[in-house]
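# Descriptive structure summary
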Amino acid sequence: MQGKGLITIVAIVLGLICINELLPTWYASKIENEAKAIAGEDEAKYNKEIARLSKDTIHLGFTQLNYPEAKQKEMKLGLDLKGGINVLLEINQRDLVNDLTNYSTNPIVIEALDRADKVQKQSTKPYIEDFFTQFDLVNQEKKAGLKLASPEVFGTQKLSGQIKFNTTDDQVKSIIRNKIDASVGTAFEVIRTRIDKMGAVQPNVQRVPGTGRIAVEMPGIKDKDKVKKMLSTSAKLQFWEVQQINEVAPYLETLSKIVPAKADSLGVAKNTNLINMLQLNTLRQAGVGNIKLSDTSAMNKILNSEIAIKLRPANLKFTKFMWGYKPDAADPDNLVLYAIRGNINQKAPVDGAVETARINYDNLGRIVVDMQMDTEGTRDWKTLTEKNVGKPVAVTLDNIVYTAPNVNEPIPSGRSQISGSFTQEEAKDLTDVLSAGKLPASAKVVQADVVGPSLGQESISAGLWSFFIAFLIIVAYIIFYYGGAGVYAIIAMIFNLFYLFGIMDSINATLTLPGIAGIVLTMAIAVDTNVIIYERTKEELFAGKSIKQAYTDGFKHALNAIVDGHLTSLLTALVLFIFGTGPIKGFAVTTGIGLIMTFFTSVLLSRVMIFHRLNKGKGLSVWTPITKNWFRNIWIDFIGKRKYSYVVSAILTVASLFSIFNYGFKTGVDFKGGRSYVVRFDKDVEATKAHESLAKVFVLNGESQAVDVKTFGNADQLKITTDYKIDDESIEADQDIEKKLYEGLKPFLSPNTTLADFKDAHGAELGIVSSSKVGPTVADDIKTGGTYAVLASLLGIFIYILFRFNKWQFSLGAVAALAHDAIIILGVFSFFKNIMPFNMEINQDFIAAILTVLGYSINDTVIVFDRIREYLKEKKSLTLAGLFDDSISSTLGRTFNTSITVLLVIMAIFFFGGDNLKGFMFALFLGIFFGTYSSVFIASALAYDFLKTGKEEAPHERTTTEK
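Residues numbered from 1 in each chain as written. Predicted model: local features only at pLDDT ≥ 70, side-chain atom pairs only at ≥ 80, totals over all residues. Heavy atoms only, no water.

### A closer look at helix H22 (residues 642-663)
Relative to the 32 Å expected for 22 residues at 1.5 Å per residue, H22 spans 31 Å between its end C-alpha atoms, a close match to the ideal helical length. For H22, every residue scored as buried is listed here: Arg642, Ser645, Ser649, Thr653, Ser656, Ser659 and Ile660. One side of H22 holds all its buried residues, which, seen down the axis, span an arc of 125°. Those residues of H22 that are exposed and aimed more than 90 degrees away from the buried face are Lys643, Tyr644, Ile651, Val654 and Phe661. Contacts from the buried residues of H22 go to helix H28 (808-831) and helix H32 (918-947). (Helix = DSSP H or I, 4+ residues; strand = E, 2+ residues; numbered from the N terminus. Expected span 1.5 Å × (residues − 1). Buried < 20%, exposed > 50% of the residue type's maximum accessible area, 1.4 Å probe, protein only. Arc of directions from axis to C-beta. Contact = heavy atoms within 4.5 Å.)

Rendered as structure tokens:
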């Protein structure tokens, strides 16, 4: 065999690279297992043992390993396997535009920004592009002729070095795009610095191309609230003038008379007494109210309502009402409300970054944070303190007032101090955020996934179980069916898996639960490749060729089908990677690498091993006595009976479309937005009773909000999904919902379960074991990306089939069969969404399943089409119908073996791979089943109908050629 030396060298070199990459994972795991064996469940003792063992170094000749370095280099596990938090941060690009326009008050700029905000909810374009579009539209509508280089827009002092009065709009757009991109880049570096200060192990921080978003994954992190706060805090320290009670009191008096009459529209109780809520007689600081914690939500509704804003007098037109950082230790049930003197552009008088920040103590021994501001902040701070001697000045961070002391004298040095009844940990978090630098704009968590470590460990166990069971099924079946040749297929598959893990580790890819599913399915692909080769080899042996010649021709004739099948599946993986997010990308990466390695091991390396044996004069069976004649001499009149399949498919398609349009789908939070929680109890809980209890607490403006409750896996576990406060992506909203969950589920929890225990289930392994939040704009992006992914995959497959087979009839038949498969799967998920005992949501995992199905279905179709193409050249005397029947009948062995092995693998993952994968695997099961059916009965039949000339054909029957 030509090139066997090169293939052997590549295999050896690749193997050595993979060994070097995987050794740190093995060593880190070895040390951790040793420490756990000594310490048991004692975390302090475990950490002590890890510290002791970390001093050791192992020398292996070509490399040496110690635990700290090995831990940094070990294979990354996703949070679904290790536990932790995954958040998607969105930098407020309106803030960035405001900053670049120096907070322009031009009505055209403001209206363009407002319109861009609305358009962004359904747009997949970057914010700045929508702003430019809306600016042009508003400019034309008002016939203003305003240029982007105008001093009222981007021709500001800040950009004077780049934008002149004669700079064209196109040039300005290019400059601003670069500025926005640079600002997001700055935010990325700030976020990464903050994460480093948190001491996270193997964090993954990535910019999302083409957006103002930053994805952060931190496996092993437990304090999710702290992480969210640390990441989203802008660290933009601002100093404001404070309006005191005598300035605000007349307005509050007037507003208090309006509230009872407008209570319904305000969303508060009719007996609400605003003056009583303010508790003015208890004021101690520079605030305008001392509000009970239970009344803060109602106060927000009142002050932020359109009615209250319209009622404001001239001196309060731009006032910003802000809350204190936290209740005072002497008054723990109340929170101070401040009135901050704003301005038309809402720009703070002092808005500078902090150069240094450190923990200190005041004269009473209380913890404070000392700061030194940068040059700009120092200058503005001096001006503000000179202007406000004897008056309070508020120190704010992210619109929270940390302190509002009186100014005794001007401060020219830029030094200032924040006090706020800090604990040592809170003060440290604040200094870390301030010292890491400020974000160029505010940030919010628009998507978050949190998985408790116990659930992560269960996912690993489930994934490994499914992996080993699927491996054993494949080994048993392939050796049972192909005998000695099956052994070589298994050896090639083992090499394939070894290379796959090594390459994933070397490129720093993260292994997730869907990734494990991708690995298991890679095993099925590897088997499929060998099945194609061995089935062709069997045909050559039945034709009377020698064993060596039969294998030679078997590999040769199988190559086209294998290449076509691999390339169409790679195309699907590429589409998944481009349009997918999170778990879908992990699945795409694993599948893509697996496909490439499958070709190398099952086609090239397998051939080297087989011919090494054959060249020694040894035989190699390609069947067993039981399976030798399976699918031999089978011939079916598929084309003649195609109308029956058309009828069956038409009924299934119409029924599916009826269910889709009449009953719809159950969509996951990643498609509609909202929050989802998996809650575990110490006893079985009925979903209907839990729903009744939760419906009483999830009430907004007097109306119950949608809450979906269902059993998730075992009867002691519930999955709860709600769109309550769907448009509020703040950390406070997250905490409010978790509190309401706790209140609603309290009757089903252990009596001693506290809110803190419920929120962080890593200790008792009871309570919230995982959660997911998706903002509405992200949900739209995921939905749009999923739709594009499916359409792009279908278009790509159509073009590829057209290119490879040079007949549009084949492309049309293939794509029609794929559409048929997708519609039926969607129909099943629509009709059975409330019947099946597992998750039947349409989400991004479902899109991954659909695209995987398309890849497998087209793989089946390509095998049949490849044989038809071959017979079109070799059997020109046959009628077209006879040629199609011969082609389909001759590939039945391959079709059956591939489908049965893949279906067995899917069933192994379905039953043993964990609850999170059941819906995904069920979609794959349906897809493989109907994909196999459609390849034979739909794609081939339609290609035949499109190809036939229309003239009457002679009756056909099975030819006497070899089978």
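### A word on the packing of aromatic side chains
Throughout the structure, instances matching the rule amount to 24 aromatic pairs. Ring centres of Tyr481 and Tyr482 lie 4.8 Å apart, and the angle between their planes is 65°; this geometry places the pair in the edge-to-face category. Both residues of the pair, Tyr481 and Tyr482, count as buried. Feature note: the residues Tyr477, Phe480, Tyr481, Tyr482 and Tyr534 constitute an aromatic cluster, connected by ring pairs. (Phe/Tyr/Trp six-rings, centres within 6.5 Å; stacked < 30°, edge-to-face > 60°.)

### Regarding the environment of Ile636
Inspection of the secondary structure puts Ile636 in the loop between helix H21 (583-614) and H22. Ile636 sits 252 residues away from Ile888 along the chain, and the two C-alpha atoms are 8.4 Å apart. With residues near it in sequence (within four places) discarded, Ile636 still touches Asp885, Ser889 and Leu892.

### Here we look at the packing of helix H31 (residues 892-912) against H32
Viewed as axis vectors pointing N to C, H31 and H32 meet at an angle of 165°, and their least axial separation amounts to 9 Å. As the angle between them shows, H31 and H32 are arranged roughly antiparallel. Considering only the axes of H31 and H32, their crossing is left-handed. Contacts between H31 and H32 involve Thr895, Ser899, Val902, Leu903, Ile906, Met907, Ile909, Phe910 and Phe911 from the former and Lys918, Met921, Phe922, Leu924, Phe925, Ile928, Phe929 and Thr932 from the latter. Here the residues of the contact of H31 with H32 sort into 13 nonpolar, 3 polar and 1 charged. (Axes fitted to C-alpha atoms, helices over the stretch in contact; angles between N-to-C directions. Parallel < 35°, antiparallel > 145°, perpendicular 65-115°, else oblique. Left-handed = near helix turned anticlockwise from the far one by under 90°. Nonpolar A, V, L, I, M, F, W, Y, C, P; charged D, E, K, R; others polar.)

### So, the nonpolar core
With 121 residues, the main nonpolar core has Tyr534, Tyr551, Ile801, Phe810, Phe829 and Phe884 as its most contacted residues. For this core, the leading source of residues is H32, giving 16 residues. Among residues more than four places away in sequence, those in contact with Tyr551 are Ala485, Tyr534, Thr537, Ile610, Phe611, Leu614, Leu620, Ser621 and Val622. Counting residues in each nonpolar core, the second largest holds 47 residues, with Ile108, Ile180, Met218 and Leu439 among its members. (Core = buried A, V, L, I, M, F, W, Y, C linked by side-chain atoms within 4.5 Å.)

### A look at unusual backbone geometry
At Asn102, a residue that is not glycine, the phi angle is positive and equals roughly 55°. Inspection of the secondary structure assignment puts Asn102 in the loop between helix H5 (93-100) and helix H6 (107-120). On the accessibility criterion, Asn102 (43% relative accessible area) is partly exposed. At Tyr103, a position not held by glycine, the phi torsion is positive, near 55°. Secondary-structure assignment places Tyr103 in the loop between H5 and H6.

### Quick word on the confidence of the model for the protein chain
Close reading of the predicted structure is inappropriate where its pLDDT is low. With 86% of its residues at a pLDDT of at least 70, the protein chain reaches an overall mean of 79. Throughout residues 950-963 the model reports pLDDT below 50, and contacts reaching past four residues in sequence, or to other chains, amount to 28 contacts. (pLDDT = per-residue confidence, 0-100.)

### Let's talk about the environment of Lys48
When you line up the elements, Lys48 lands in helix H2 (residues 43-53). Each C-alpha atom of the pair Lys48 and Ala35 lies 8.6 Å from the other, and the pair is 13 residues apart in sequence.

### Some details on the pattern of salt bridges
Going through the model one piece at a time under the given rule, you end up with 23 salt bridges. Here Lys142 ties to Glu111 by a salt bridge, and the two come within 3.6 Å at their closest N and O atoms. Here Lys142 is found in the loop between helix H7 (127-141) and helix H8 (169-198), whereas its partner Glu111 is found in helix H6, with 31 residues between them in sequence. Judged by its relative accessible area of 47%, Lys142 falls in the partly exposed class. With a shortest N-O distance of 3.2 Å, Glu306 and Lys310 are connected by a salt bridge. In this pair, Glu306 and Lys310 both sit in helix H14 (residues 306-310), 4 residues apart, roughly one turn of the helix. Judged by its relative accessible area of 55%, Glu306 is exposed. Residue class for Lys310 comes out exposed when judged on its relative accessible area of 66%. (Salt bridge = Lys/Arg side-chain N within 4 Å of Asp/Glu carboxyl O.)

### Considering a nonpolar patch on the surface
A grouping of Leu574, Phe577, Ile578, Phe579, Tyr788 and Leu791 is seen on the molecular surface, where their side chains present a nonpolar patch of about 580 Å² in accessible area. Taken together, the elements giving at least two residues each to the nonpolar patch come down to helix H20 (547-579) and helix H27 (776-805). For the nonpolar patch, the leading source of residues is H20, giving 4 residues. Inspection of the secondary structure puts Phe579 in helix H20. (Patch = residues over 30% accessible without salt bridge, like charges linked within 9 Å, V, L, I, M, F, W, Y side chains within 5 Å. Areas by Shrake-Rupley, 256 points an atom, 1.4 Å probe, with all protein chains shown as cover.)

### Considerations on the packing of H5 against H6
Two quantities define a packed helix pair, namely the angle between the helix axes and the distance between the axes. Look at H5 against H6: their axes get within 11 Å of each other, and the N-to-C directions meet at 165°. In terms of orientation, H5 and H6 fall into the roughly antiparallel class. In this structure, the crossing between H5 and H6 has a hand that is right-handed. Residues Arg94, Val97 and Asn98 of H5 pack against Ile110, Leu113, Asp114 and Asp117 of H6. Partitioned by chemical class, the residues of the contact of H5 with H6 number 3 nonpolar, 1 polar and 3 charged.

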